[in-house]
Structures are given as structure tokens and as C-alpha cells.
Amino acid sequence: MDKPELTVGSKVFLQNLPPYLKTADPMPMLRPADILEIGDQGTVIDIRPGGYWGVKFDKGTFLI
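What counts as what
Residues numbered from 1 in each chain as written. Predicted model: local features only at pLDDT ≥ 70, side-chain atom pairs only at ≥ 80, totals over all residues. Heavy atoms only, no water. Helix = DSSP H or I, 4+ residues; strand = E, 2+ residues; numbered from the N terminus. Rg over C-alpha atoms; globule rule 2.2 N^0.38 Å. Contact = heavy atoms within 4.5 Å. Lys, Arg positive; Asp, Glu negative; His and termini not counted. Charge placed at Lys NZ, Arg CZ, Asp CG, Glu CD. Pairing = 2+ DSSP bridges. Axes fitted to C-alpha atoms, helices over the stretch in contact; angles between N-to-C directions. Core = buried A, V, L, I, M, F, W, Y, C linked by side-chain atoms within 4.5 Å. Buried < 20%, exposed > 50% of the residue type's maximum accessible area, 1.4 Å probe, protein only. Phe/Tyr/Trp six-rings, centres within 6.5 Å; stacked < 30°, edge-to-face > 60°. Salt bridge = Lys/Arg side-chain N within 4 Å of Asp/Glu carboxyl O.

Peer 1: Whenever I open this one, the overall build of the chain confuses me. Can you help?
Peer 2: Counting secondary structure elements, the chain contains zero helices and six strands. Overall, the chain shows an N-to-C arrangement of helices and strands of β-β-β-β-β-β. What you see for the chain is a C-alpha radius of gyration of 11 Å, in line with the 11 Å of a compact globule of 64 residues. Projected onto its principal axes, the C-alpha positions of the chain cover 35 × 25 × 20 Å. Considering only contacts in the chain between residues 6 or more positions apart, those separated by 24 or more positions represent 40%. One way to put it: in the chain the 7 positive side-chain charges average out to a point 4 Å from where the 8 negative ones average out.

Now the structure itself:
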């Protein structure tokens, strides 16, 4: 079975919490993962080099 391709505007749900989250700001910062909760919904706003997506959640925009 093929994986669905994520595109800008796709809705995503957080399934796992990494140890830290990296902000998608021009000067990225590491933030504790407890800002978000498993199941939070976000929207893909851009696709970054290295296989990362910029995802906008209610509590900020992070590189996932």
C-alpha cells in the first residue's frame, strides 16, 4: 500500500511526541514537547529540505 503524499494544506495529527520540538521561525529554537499533545491537529504550511514539514498547530508552527 502506498503512503499518501503530504502537500501544503494537508491536515495532520500528532501521533508521537519527540523529545523536543523545533520551531519553524527564521531563527529556530528547540521547545519542550509538552507544548503539544498527542492527537493535536495541524496544517502543513510548507515542505523543507531534509524531509521536514512546517506544520502550524494552535500553539505554534514547528518542523516535523
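Peer 1: What is the right way to read the sheet that holds strand S2 (residues 20–23) from this model?
Peer 2: Pairing between sheet strands relies on hydrogen bonds along the backbone, with the strands arranged either parallel or antiparallel. Spatial strand order, S1-S4-S5-S6-S2-S3: six strands in an open sheet with antiparallel pairing. Each edge of the open sheet is held by one strand with a lone partner, namely strand S1 (11–13) and strand S3 (30–32). Sheet twist, expressed as the mean angle between neighbouring strand axes with direction ignored, is 45°. As paired elements, S2 and strand S6 (residues 60–63) share two bridges and run antiparallel to each other. Note on S6: the bridge partner recorded for threonine 23 is phenylalanine 62.

Peer 1: Looking at this model, I keep getting lost on the nonpolar core. Mind explaining?
Peer 2: Side chains that are nonpolar tend, in soluble globular proteins, to be buried together. Listed in full, the nine residues of the largest apolar core are Val12, Leu14, Leu21, Ile35, Leu36, Val44, Val55, Phe57 and Phe62. Every residue in contact with phenylalanine 62, bar those within four places of it in the chain, is listed here: Leu21, Lys22, Thr23, Ala24, Arg31, Ile35, Leu36, Trp53, Gly54, Val55 and Phe57.

Peer 1: Teacher, can you tell me more about the packing of aromatic side chains here?
Peer 2: We describe a pair of aromatic rings using the distance from one ring centre to the other and the angle between the two ring planes. Applying the stated rule across the entire model yields one aromatic pair. Look at phenylalanine 57 and phenylalanine 62: their rings are 6.4 Å apart centre to centre, the planes differ by 45°, and that puts the pair in the tilted class. Classification of phenylalanine 57 by relative accessible area gives buried; the value is 5%.

Peer 1: What is the right way to look at the pattern of salt bridges in this model?
Peer 2: Close approach of charged atoms allows side chains with opposite charge to pair. Summed over the entire model, instances satisfying the criterion amount to one salt bridge. The partner of aspartate 46 in a salt bridge is arginine 48, with the nearest N and O atoms 2.9 Å apart. The exposure class of aspartate 46 is partly exposed, given its relative accessible area of 23%. Note on arginine 48: relative accessible area 27%, which makes it partly exposed.

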